[in-house]
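# Residue-level structural notes
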Amino acid sequence: MDKQHRIDCHTHIVNRQIKDAYYQNAAGEYAVIMEFLPQFTREGMQDESWQLAAGDERLFLSPCIDIHKRIPPQLAEIEEKMLAKPECKVVGLKIFLTYQKGRADDEKMMCIYDFARKYGLSVTYHTGLPSLRLPTDNDMEGSRATYIRSVALAYPEVNFIAAHLDDPHFDECVQAMHGVPNMYSDFSGTFEPGASAMENVEETLSAYAHAIRQYPGAYRQILYGTDFCPPIALSAFGEYDETIRRIFAPDQFEDIYWNNPLRAFPRLAEILREKGTIK
């Protein structure tokens, strides 16, 4: 796989220091920045996501929604920024379930999906176990992929990404995605030191493979993502390539790294099409 021919659908390249570290390893790659919640900000993690996305053609942005606060004013602010600064290349929205108590199908969330539909944005959720290094409500139940399936069915024009395969409910996550073509997942964030997935990596990779191989076409709904953010000990690269080689057939790599991300993030694909990068 050409190292430059890929889209990292899940990173936290939220400031210049993290960006420099990322591109020491991933020269030329496109990446989607998932903006952090304000309470995640600390030394080494000041959030400059909007400025970075505006200043680098390789970077795209998914602003976060704080579901502990009133949502409509946040959407209005994002809309204002998007229209005033299209160079920020907003392609999605990020919701930190688990970290913040709530369900994807809560009534208060519907305005987010209406907004996403209006602007062709994709919605990425944190699902499953949280980072060991960030404050969390630990609402594992609220982040279950089955609730995301409900809104994906209700909003077929919007793409939804249940990040992290709803760790550790891998089988259930893929089952929730089955038959719902606007629902995707990734296994970003796997290689966090001390995380349960790292206790037995072979067992974790086998569990991923078992979940994804439940259905022949499930690979078309899996995205390449690294969750890159060294301040919270997420700096793996090669491990994700090895995971992809272990789980997928060689003729599926192009989908995982490139085709699936373009389908999952239609606004990103539109921007690359406008630039002449893709047809």
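Scroll up to find the structure this text is about.
Counting restarts for each chain: residues are numbered from 1 in the order of the written sequence. For a predicted model such as this one, the threshold for reporting local features is a pLDDT of at least 70, and the threshold for listing and counting side-chain atom pairs is 80 or more; totals across whole chains, interfaces and linings nevertheless cover every residue. Here the side-chain values reflect all heavy atoms present in the structure, with hydrogen atoms and water set aside.

### Here's the deal with the packing of helix α5 (residues 145-154) against helix α6 (residues 170-177)
- Axes here mean lines fitted to C-alpha atoms, for a helix over just the part in contact, with angles spanning 0 to 180 degrees between N-to-C directions. Helix and strand definitions follow DSSP, with helices as H or I runs of at least four residues and strands as E runs of at least two, each counted in order from the N terminus. Packing of α5 against α6 leaves a shortest axis separation of 9 Å and a crossing angle of 10 degrees. Judged by the angle between their axes, α5 and α6 are roughly parallel. For the pair formed by α5 and α6, the contact residues are Ala145, Thr146 and Arg149 on the first element and Cys173, Gln175, Ala176 and Met177 on the second.
- Amino acids outside the nonpolar list (Ala, Val, Leu, Ile, Met, Phe, Trp, Tyr, Cys, Pro) and the charged list (Asp, Glu, Lys, Arg) are all regarded as polar, and Gly is one of them. Its residues assigned to classes, the contact of α5 with α6 shows four nonpolar, two polar and one charged. Angle categories are assigned with fixed cut-offs, so that under 35 degrees is roughly parallel, over 145 is roughly antiparallel, 65 to 115 is roughly perpendicular, and the rest are oblique. Should any heavy atoms of two residues lie within 4.5 Å, those residues are considered in contact.

### Section: the pattern of salt bridges
- Within this document, salt bridges are pairs made up of a side-chain nitrogen of Lys or Arg and a carboxyl oxygen of Asp or Glu, the two lying within 4 Å of each other. For the structure on display, the rule yields 17 salt bridges.
- The closest approach of N and O atoms between aspartate 241 and arginine 6, which form a salt bridge, is 2.9 Å. Placement of aspartate 241 in helix α8 (residues 238-247) and of arginine 6 in the segment before β1 (7-11) is noted, with a sequence separation of 235 residues between them.
- Note on exposure labels: buried denotes an accessible area under 20% of the residue type's maximum, exposed denotes more than 50%, and partly exposed covers the range between, all computed with a 1.4 Å probe on protein chains only. For aspartate 241, a relative accessible area of 15% puts it in the buried group.
- Across the pair arginine 117 and glutamate 157 runs a salt bridge whose closest N-O atoms are separated by 3.9 Å. A residue pair is termed long-range when its members are at least 10 positions apart, and arginine 117 in helix α4 (residues 110-119) and glutamate 157 in the loop between α5 and β7 (160-163) qualify at 40 residues.
- For glutamate 157, a relative accessible area of 53% puts it in the exposed group.
- Among the charged side chains, a network of salt bridges with common partners joins Arg6, Glu29 and Asp241.

### Concerning the packing of aromatic side chains
- Ring pairs shown here join Phe, Tyr and Trp side chains whose ring centres sit within 6.5 Å, with only the six-membered ring taken for Trp; geometry is labelled stacked below 30 degrees between planes, edge-to-face above 60, and tilted in between. The tally for this structure, following the rule as stated, stands at 19 aromatic pairs.
- With a centroid separation of 5.5 Å and 65 degrees between ring planes, the pair formed by tyrosine 113 and tyrosine 155 is classed as edge-to-face. Here tyrosine 113 is found in helix α4, whereas its partner tyrosine 155 is found in the loop between α5 and β7, with 42 residues between them in sequence.
- Residue classification places tyrosine 113 among the buried residues on the basis of a relative accessible area of 0%.
- Overall, tyrosine 155 belongs to the buried group, its relative accessible area being 8%.
- Here tyrosine 113 and phenylalanine 160 contribute two aromatic rings whose centre-to-centre distance is 5.4 Å and whose plane-to-plane angle is 80 degrees, an arrangement assigned as edge-to-face. With tyrosine 113 in helix α4 and phenylalanine 160 in strand β7, this residue pair connects regions lying 47 residues apart in the sequence. Considered together, tyrosine 113 and phenylalanine 160 belong to a single accessibility category, that of buried residues.
- Every member of this aromatic cluster is reached through a ring pair, and the members are Tyr22, Tyr23, Phe228 and Phe237.
- Put simply, a charge is over a ring when the Lys NZ or the Arg CZ is close to the ring centre, within 6 Å, and near the line of the ring normal, within 35 degrees. In this structure, lysine 94 packs its charged tip against the face of phenylalanine 96, placed 4.0 Å from the ring centre.

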